[in-house]
Amino acid sequence: MQTTTLSRRTRAVAVAAAAVLLLAGCTVATPEAESAPEPTDTGAAATATATPAPSDDDTTQADGAESDETDGAANDASTYPEAAPAPYSAPYSAPYAAPYTAPYAVPGEASGDTGAGTATGGGGTSSGSSSGSGSSSGSGGSGATGGSDSDSDVDPELAISHDDSVYLNSSVGTLTFDYESYSVGSGDSFDWQGTSWNNSDQLQFDVSATHDSSTTPATYFSTNTNQKTVHTLSSDGDEPDELHYAFCGDLNFTAFGAASTSTCFGQGEWGIDNNWWVGGSDYQTHDGEICYINPNEVGAMGASAVACINPDISSDTFAVDSGGTHSNFLSFYSFEQLTVVNTELQTALDSVVEKLNSAGVLTNAQTTAITHAIDAKVPAGVPLVLNSPSSWEFSCADSCTDTDDYSITSGQLWAGLHSTTDYDGLLWNAGLDNLAMNNMSINATAGRNASSDVADWFTGEIASGAMIGAGTQNGTASPSELNFAVCGDLTPQGGSFNNDPITTCIGQGHNADDFDANNWWIGGPSWQATTPVALDKIIDAIPNTFVRDFLEVIADDTEARILIDVDRLTALITLSGNAVTGDAVDGAVFVVGLG
């Protein structure tokens, strides 16, 4: 038989009617299926008194019950017979006999006693008194089980702490994390468990926390990330509306010195799954990822710190990579410091100039200008001991990150440039390392995508000066597209003459016939071009026997290109050729001179 909750007025009428019938000695008919046997003690039935109806403060509305008066059978006093068949015995009769009246259950049949419970809602936990109804409530049950307030729908699962992990899969070296703070909703819990480094490429973060969505940790996360965020699974926007919790600390990139940045993580939910957010105010957004770039922190072989975070294939994993940047090397090879007597040096230089003129590399005007410069810098009178520069270094302010100093194709990352002596290029390993030469290379950390805009910028910076290519096709005079370009100072290190830098620009292109080779261009406002010539025609002009022997190996179909700075008695020499030699000669510039 279904029990329906009665309003106070209906219940009072029913109880009064039952009392009148009992006092009058009347017998109330019950439905045939549930008729009670004749009472064995009619006197007890006649003397029973009805319990008054509960007051307003004691009434708890069951889930789904209507608060207004009900009609039909619910108003019929016969719904509650005064006697009950076995197994009910005095003083209890089925289902609501004195001293218990609807909707209170008979003790032992249901355990919904009134008790204080907690109702967990979005944003926090609130405590209050709530009555549980039905056998699922128990004494002191949760407000989600009974009661007429909005907490009746709260999932008790939200009060349970879960062991959660989020992962960073790194291709940029070892990562560490210095935990600092967290945020959860009111009454929720969070316990930082720590991190672990797995399989040499994964940083794991472990926490134990409740999963109650709240705006409080979402606000904390957004404040600390400034919309520089990414997240797993599908979601719109750069900021979460709600999160279970969020925590922040310093993410350290140990492969790049002291490279570190504040990074925050937050767990939210998407559909039936949990998703994760990560971000930080010092990151920059790039092509669906966030990137930390620090040109002041340098890794192996002069690489600038670049670490980009993007969602991986699972809901709790992110990938950390270089954001499409590469280490781009250009090596400046020069002879080790030479100590010579000026009269001997003058004779040697004059001989080299004459041979280059005879080979058609130098024009007559250039030959004359260089001869005058030699006479001015290297007088033929009293013998003097002269030192050549020990090496040459290319650099610019702030690691070449000032936007006036570089150009890169739109959508590509630029992380600056550094010098290094640790890079061994193909030419170096092929034999130059056995010679008395210096290897000073630059490493430009940048993306690669060619555009005419960069080539136009490079050409504009050269102005009325000249440029030459390294690893380009024979006969190519200027680039049509470049990946990036940068202008700085080429400075002699040491030597007997002044060390003023020479303004020089470099740019990287691509050899269309050799997909493994990126070619380079170099030039500047003060550099003068000479006539390109087949390498085998000028080998005899090189005074160093070992260098001559080395160049003869790659001389076939290789073109030598030379830039000169007459006032500094310095020359830049590059090699160009077909695709067979392209991979060997790109990224190399020979610097010869007094500086």
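These figures come from a predicted structure and were not determined experimentally. (Residues numbered from 1 in each chain as written. Predicted model: local features only at pLDDT ≥ 70, side-chain atom pairs only at ≥ 80, totals over all residues. Heavy atoms only, no water.)

## Describing the side chain of Thr491
Step number 1: Among the secondary structure elements, Thr491 is positioned in strand 23 (residues 484-493).
Step number 2: Filtering out sequence-adjacent residues up to four positions away, Thr491 remains in contact with Ser391, Trp392, Glu393, Asn499 and Pro501. (Helix = DSSP H or I, 4+ residues; strand = E, 2+ residues; numbered from the N terminus. Contact = heavy atoms within 4.5 Å.)

## With respect to the state of the cysteines
Step number 1: By the definition in use, this model includes four disulfides.
Step number 2: In this model, Cys396 is linked to Cys400 through a disulfide, with the two sulfur atoms separated by 1.5 Å. Between Cys396 and Cys400, the S-S torsion sits near 135°, and that sign places the bridge as right-handed.
Step number 3: The exposure class assigned to Cys396 is buried, which follows from its relative accessible area of 17%.
Step number 4: Of the residues examined, Cys400 reaches a relative accessible area of 0% and is grouped as buried.
Step number 5: Counting only the cysteines that take part in disulfides, in the order they occur along the protein chain, gives the pairing 1-2, 3-4, 5-6, 7-8. (Disulfide = S-S within 2.5 Å. Buried < 20%, exposed > 50% of the residue type's maximum accessible area, 1.4 Å probe, protein only.)

## A few points about the sheet that holds strand 8 (residues 245-253)
Each strand in a sheet pairs with its neighbour through backbone hydrogen bonds, running either in the same direction (parallel) or in the opposite one (antiparallel).
Step number 1: Taken together, five strands build an open sheet; the order of strands is 4-8-9-10-7 and the sheet is antiparallel. Each end of this open sheet is capped by a strand with a single partner; those strands are strand 4 (175-184) and strand 7 (229-231). With strand direction ignored, the average angle separating the axes of adjacent strands in the sheet is 25°.
Step number 2: Summarising the sheet, strand 9 (residues 260-270) and strand 10 (residues 273-279) pair through seven bridges and their orientation is antiparallel. Across the sheet, the residue bridging to Cys264 is Gly279, located in strand 10. (Pairing = 2+ DSSP bridges. Axes fitted to C-alpha atoms, helices over the stretch in contact; angles between N-to-C directions.)

## Observations regarding the nonpolar core
Step number 1: Residues Leu168, Phe205, Phe247, Leu251, Phe253, Phe265 and Ile309 are the most contacted members of the largest nonpolar core, which totals 30 residues.
Step number 2: Excluding anything up to four places from it in sequence, Leu251 contacts Leu168, Leu175, Thr176, Phe177, Leu203, Phe205, Ala259, Ser260, Thr261, Thr263, Tyr283 and Ile309.
Step number 3: Counting residues in each nonpolar core, the second largest holds 28 residues, with Cys396, Ile442, Ala444 and Ile506 among its members. (Core = buried A, V, L, I, M, F, W, Y, C linked by side-chain atoms within 4.5 Å.)

## Here's the deal with the packing of aromatic side chains
Step number 1: Per the stated rule, a full pass over the model turns up 22 aromatic pairs.
Step number 2: Judged by centre distance (6.2 Å) and plane angle (80°), the ring pair of Phe177 and Phe247 falls under edge-to-face. With a gap of 70 residues between them, Phe177 in strand 4 and Phe247 in strand 8 connect regions that are remote in the sequence. Across this residue pair, the class does not change: Phe177 and Phe247 are buried.
Step number 3: With centroids separated by 5.9 Å and ring planes inclined at 75°, the aromatic side chains of Tyr245 and Trp276 adopt a geometry described as edge-to-face. Of this pair, Tyr245 sits in strand 8 while Trp276 sits in strand 10, and the two are 31 residues apart along the sequence.
Step number 4: A relative accessible area of 0% means that Tyr245 is categorised as buried.
Step number 5: Trp276 gets classed as buried once you look at its relative accessible area, which sits at 2%.
Step number 6: Ring pairs connect the aromatic residues Phe177, Tyr179, Tyr182, Phe190, Trp192, Phe205, Tyr245, Phe247, Phe265 and Trp276, which therefore count as one cluster. (Phe/Tyr/Trp six-rings, centres within 6.5 Å; stacked < 30°, edge-to-face > 60°.)

## Quick word on the pairing of strand 13 (residues 304-311)
Step number 1: Among the eight residues of strand 13, seven are classified as buried, and the element is accordingly described as predominantly covered.
Step number 2: The pairing of strand 12 (residues 289-298) with strand 13 spans six bridges and is classified as antiparallel. Its bridge partner being in strand 13, Ile293 is matched across the sheet by Val306.
Step number 3: Counting the residues in the hairpin turn of strand 12 and strand 13 gives five residues, including Met301, whose phi is positive at 55°.
Step number 4: Taken together, the four bridges between strand 13 and strand 14 (residues 317-321) define a ladder with antiparallel strand orientation.

## Brief notes about the confidence of the model for the protein chain
Any residue range with low pLDDT should be treated as having predicted coordinates unsuitable for detailed reading.
Step number 1: Chain-level pLDDT for the protein chain is 75 on average; 64% of the residues reach the 70-or-more range.
Step number 2: With pLDDT under 50 throughout, residues 1-152 is counted as low confidence; its partners more than four residues away or in other chains account for 165 contacts. (pLDDT = per-residue confidence, 0-100.)

## Comments concerning helix 7 (residues 452-462)
For the α-helix, the turn length of 3.6 residues means that residues three or four positions removed from each other point alike.
Step number 1: All buried positions along helix 7 are accounted for by Val454, Ala455, Phe458 and Ile462. Each buried residue of helix 7 lies within a common arc of 100° when the element is viewed along its axis, so the set occupies one face. Facing away from the buried side of helix 7, by more than 90 degrees, are the exposed residues Asp453 and Asp456.
Step number 2: Looking at the buried residues of helix 7, the elements they touch are strand 19 (406-408), strand 22 (466-470), strand 23, strand 24 (502-508) and strand 25 (520-524).
Step number 3: Looking at the residues trailing helix 7, positive phi occurs at Ala463, about 55°. (Arc of directions from axis to C-beta.)

## A few points about a negative patch on the surface
Step number 1: Side chains of Asp238, Glu239, Asp241, Glu242 and Glu269 sit close together on the surface and give a patch of like negative charge.
Step number 2: Looking at the element boundaries, Asp238 is found in the loop between strand 7 and strand 8.
Step number 3: For Asp238, a relative accessible area of 42% corresponds to the partly exposed category. (Patch = residues over 30% accessible without salt bridge, like charges linked within 9 Å, V, L, I, M, F, W, Y side chains within 5 Å. Areas by Shrake-Rupley, 256 points an atom, 1.4 Å probe, with all protein chains shown as cover. Salt bridge = Lys/Arg side-chain N within 4 Å of Asp/Glu carboxyl O. Lys, Arg positive; Asp, Glu negative; His and termini not counted. Charge placed at Lys NZ, Arg CZ, Asp CG, Glu CD.)

## Details of the pattern of salt bridges
Step number 1: As enumerated under the stated definition, the model contains one salt bridge in all.
Step number 2: Here Arg561 and Glu559 are joined by a salt bridge, their closest N and O atoms 2.9 Å apart. The exposure classification of Arg561 matches that of Glu559, with both residues buried.

## What to know about the sheet that holds strand 5 (residues 190-198)
Step number 1: Ordered by their spatial adjacency, seven strands build an open sheet running 5-6-3-14-13-12-11, and the pairing between neighbours is mixed. The sheet is open, and its two edges are formed by strand 5 and strand 11 (284-286), each paired on a single side. Here the average twist between neighbouring strands, direction ignored, is 25°.
Step number 2: Where strand 3 (residues 161-170) meets strand 14, four bridges bridge the pair, whose relative direction is parallel. The partner of Tyr167 across the bridge, within strand 14, is Thr317.

## Side note on the pairing of strand 20 (residues 414-420)
Step number 1: Here strand 20 lies mainly inside the structure; six of its seven residues are buried.
Step number 2: Of the strand pairs in this sheet, strand 20 and strand 21 (residues 437-447) are connected by five bridges, and their pairing is antiparallel. Residue pairing across strands places Trp414 opposite Ala446, the latter belonging to strand 21.

## Observations concerning the environment of Val486
Step number 1: Locating Val486 in the fold gives a position in strand 23.
Step number 2: Sequence separation between Val486 and Cys400 is 86 residues, and the spatial gap between their C-alpha atoms is 7.3 Å.
Step number 3: Not counting residues up to four positions away in its chain, the partners in contact with Val486 are Phe394, Cys396, Cys400, Asp405, Tyr406, Trp414, Leu417, Trp457, Thr504, Cys505 and Ile506.

## Comments concerning the environment of Pro479
Step number 1: Relative to the helices and strands, Pro479 resides in the loop between strand 22 and strand 23.
Step number 2: A relative accessible area of 12% means that Pro479 is categorised as buried.
Step number 3: Along the sequence, Pro479 and Trp520 sit 41 residues apart, while their C-alpha atoms lie 9.3 Å from each other.
Step number 4: Those residues in contact with Pro479 that lie beyond four places of it in its chain are Ala455, Phe458, Met467 and Trp521.

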